[in-house]
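# Structure at a glance
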Amino acid sequence: MKKAIVAATGLLLALTGCSSATEASGVSNSVTETTITVFAASSLTETFTEIGKQFEAANPGTNVTFSFAASSTLAEQILAGAPADVFASASEKSMDAAVAQISKSSVFTSNRVVVAFPADKPLSAVTDLNNPAIKWVQCDRQVPCGTAADAALESDGISGTPVSLEPDVKSVTGKLIALEVDAAIIYATDAKSAGSEFRSIEFSNSEKATTRYPIGVTLNANTKAQVFVDFVFSEAGQKVLLDAGFGLPS
Amino acid sequence: MAKKTQVSPALTAFGFAGLLVVLLPVVALLSRVPWSNLAAQLTSESSINAIRVSLVTSILAALISVVLGVPLAWYLARGPAAITKWLRPIVISPLVMPPTVAGLALLTLMGRNGLLGKFIYEQTGWAMPFTMAAVVLTGVFVGMPFLVLVVEAVFRQLPIELEEAAQTLGANPSKVFWRISFPLARGGVISGLVLAWARALGEFGATLTFAGSLPGVTRTLPMEVYVAMEVDPASAYSISAMLVVIAITVVFLLRSNLIKAFNGK
């Protein structure tokens, strides 16, 4: 019995060693698929999942796996050696932070923050956020959507304060969808996917409200990673992004 | 002199490996702390805010957990088995619930559109999310099950003959509890209190979902670490080190009580 346990443990450890070695060298053979690991900002969840599906269909034998989180968190993970092949960031600042592990990057799309609210309780202007009776939330300034939100709020002269500074845009959107708040500063893309029960209004300074998204291949990425990045820049990839409400790269 | 039991080398090896799994990450964390700058880090405005929010809410949550949890543990230990056998898993369930699920559960109860929250909001205009009260309630939700678990086990181990003797001598149930059962279970109650407090202190996901994260109001120490991680790693390591030292100190100070509790004294 004891010998069986030891043997099983040994086998398990050997199998773990085998699979990680294969992934590290990026080797693909006709039996196993090439896996491309993409770290992407949470605001890219729906679009990149769709892009991943289209890419897999167009490139048989590939498997795209995603890790969606705040760009600043992902940059930290990449610097600490996380096995990402591609990094799609919601801010140039986070891409710069990870630059030591990135071979090259370029801007592939842009997004802007808007003020979103339930359609049956609309805000008439951005300055409504100054009203203490309005409960609103935004991202914390340490994350890209928060930096854009702060810049846009400042340029519109908003002095009111939010009831929470969330660590990423998905949790901000979640609070709006749960109807716990009257307004939320989220990306235009999140406002769009929130559905017809929600509307949004624009900030007056669109430059301050806009954030550019760079995408880059990491230093130890497997050879297919660049093919994925090229797909994001292709007409098919760009269409998915534009349909969701993202802006042009420039 | 008693002969020391010999431990097999294999058992020692596995035990040592287990120790390393817990010890090494803590050692690695402590090695990143800017010890020379520690005082400045921990007295920054954001750190002090987080310390205050965490201390106030976790202590309140622990106290509420005792007031509500000890009677609940008593009922589970002494109540009719037909009821307690299905009540117990429900009471313990927050222990195995993913934190975000716990937060969602609290939101669907006490949010502006919640089962209870909607009524309160319509009557008073007050809603629990985004308040310090929400952090306390979350702490009770995740911490109290620990206390109930430990205290019920201690109550069960009390010799029932003592309580029966007191009853035959004329003591009513309340007297039996306060004069006999509770004093004997004190050690267990203390360790349950400490566990509930530590759990409430460390809560992150549920608090974030239900209470949000506003500095000075709802941003607790774990949230502060999460936010500081990218921009101010020195601050994140400093706060983490402080939390680790608190955890180890508390367990050390209460070691004799913990041993007594687990031995059923």
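Residues numbered from 1 in each chain as written. Chains lettered and ligands numbered in written order. Predicted model: local features only at pLDDT ≥ 70, side-chain atom pairs only at ≥ 80, totals over all residues. Heavy atoms only, no water.

### Side note on the overall build of chain A
Regarding its fold elements, chain A presents 10 helices and nine strands. Each of the 250 residues in chain A was classed as buried or not, and the buried ones make up 46%. A separation threshold of at least 6 residues defines the contact pool for chain A, and within that pool the share at least 24 residues apart is 78%. Split by element, the accessible area of chain A, about 11,600 Å² in all, is 58% carbon and sulfur. (Helix = DSSP H or I, 4+ residues; strand = E, 2+ residues; numbered from the N terminus. Buried < 20%, exposed > 50% of the residue type's maximum accessible area, 1.4 Å probe, protein only. Contact = heavy atoms within 4.5 Å. Areas by Shrake-Rupley, 256 points an atom, 1.4 Å probe, with all protein chains shown as cover.)

### Quick notes on the confidence of the model for chain B
Averaged over all residues, the pLDDT of chain B is 89; the fraction at 70 or higher stands at 94%. Taken together, the chains of this predicted complex give a pTM of 0.81 and an interface ipTM of 0.79. (pLDDT = per-residue confidence, 0-100.)

### Describing the interface of chain A and chain B
Across the boundary between the two partners, chain A contributes 19 residues, which contact 19 residues of chain B. At the boundary of chain A with chain B, total buried surface from both sides reaches about 1,800 Å², with 53% on carbon and sulfur atoms. Run the count over chain A and chain B and you get two salt bridges. Arginine 112 of chain B serves as the salt-bridge partner of aspartate 182 of chain A, at 3.1 Å between the closest nitrogen and oxygen. Across the contact surface, chain A and chain B share 10 residue pairs in polar contact (both at pLDDT 80 or more). Elements supplying a minimum of two residues to the side of chain A that touches chain B: helix 3 (71-79) and strand 6 (164-166) of chain A. Tallied by class, residues from the side of chain A that touches chain B come to eight nonpolar, four polar and seven charged. (Buried area = accessible area lost by both parts, 1.4 Å probe. Salt bridge = Lys/Arg side-chain N within 4 Å of Asp/Glu carboxyl O. Polar contact = N/O pair within 3.5 Å; in protein donor to acceptor, adjacent residues only side chain to side chain. Nonpolar A, V, L, I, M, F, W, Y, C, P; charged D, E, K, R; others polar.)

### Thoughts on the domain arrangement of chain A
All names here are of chain A. Taken as a whole, chain A is organised into domain 1 (34-110 + 212-243) and domain 2 (111-209). If you look at the interface, domain 1 gives 14 residues, while domain 2 gives 13 residues. A buried area of about 940 Å², summed over both sides, lies between domain 1 and domain 2, and 49% of it is on carbon and sulfur atoms. Along the contact surface separating domain 1 from domain 2 lie one salt bridge. A salt bridge links lysine 170 to glutamate 46; the shortest N-O distance between them is 3.4 Å. (Domains from an automatic or database assignment.)

### Considering the packing of aromatic side chains
For the coordinates displayed, the defined rule picks out 17 aromatic pairs over all chains. Every member of this aromatic cluster is reached through a ring pair, and the members are Phe48, Phe55, Phe66, Phe68, Phe108, Tyr187, Tyr213, Phe228, Phe231 and Phe246 of chain A. (Phe/Tyr/Trp six-rings, centres within 6.5 Å; stacked < 30°, edge-to-face > 60°.)

### Let's talk about the state of the cysteines
Residue and element names in this part refer to chain A. Evaluated as defined, the whole model comprises one disulfide over all chains. Here cysteine 139 engages in a disulfide with cysteine 145; their sulfurs sit 1.8 Å apart. In this structure the cystine formed by cysteine 139 and cysteine 145 twists about its S-S bond by roughly -95 degrees; its chirality is therefore left-handed. Take cysteine 139: its relative accessible area is 0%, and that puts it in the buried class. (Disulfide = S-S within 2.5 Å.)

### Considering the packing of helix 3 (residues 45-78) of chain B against helix 7 (residues 132-157) of chain B
All names here are of chain B. Two numbers describe how helix 3 lies on helix 7: the axes approach to 6 Å, and their chain directions differ by 40 degrees. Crossing angle aside, the handedness with which helix 3 passes helix 7 is right-handed. Residues that form the contact of helix 3 with helix 7 fall into these classes: 22 nonpolar, five polar and three charged. (Axes fitted to C-alpha atoms, helices over the stretch in contact; angles between N-to-C directions. Left-handed = near helix turned anticlockwise from the far one by under 90°.)

### Quick notes on the nonpolar core
Side chains of a nonpolar character, in soluble globular proteins, are inclined to be buried together. Of all hydrophobic cores here, the largest spans 62 residues; its most connected members are Leu44, Phe48, Leu129 and Phe228 of chain A. In terms of residue count, the dominant contributor to this core is strand 4 (residues 102-118) of chain A (six residues). Counting contributing residues per domain, this core is built from domain 1 (34-110 + 212-243) and domain 2 (111-209) of chain A, each supplying no fewer than three. Those residues within four positions of phenylalanine 48 of chain A in sequence are excluded, and the remaining contacts are Val38, Ala40, Phe66, Phe68, Ala88, Phe108, Ile215, Phe228, Val232 and Leu241 of chain A. Residues Leu76, Ala77, Val91 and Met144 of chain B belong to the second largest nonpolar core, which totals 21 residues. (Core = buried A, V, L, I, M, F, W, Y, C linked by side-chain atoms within 4.5 Å.)

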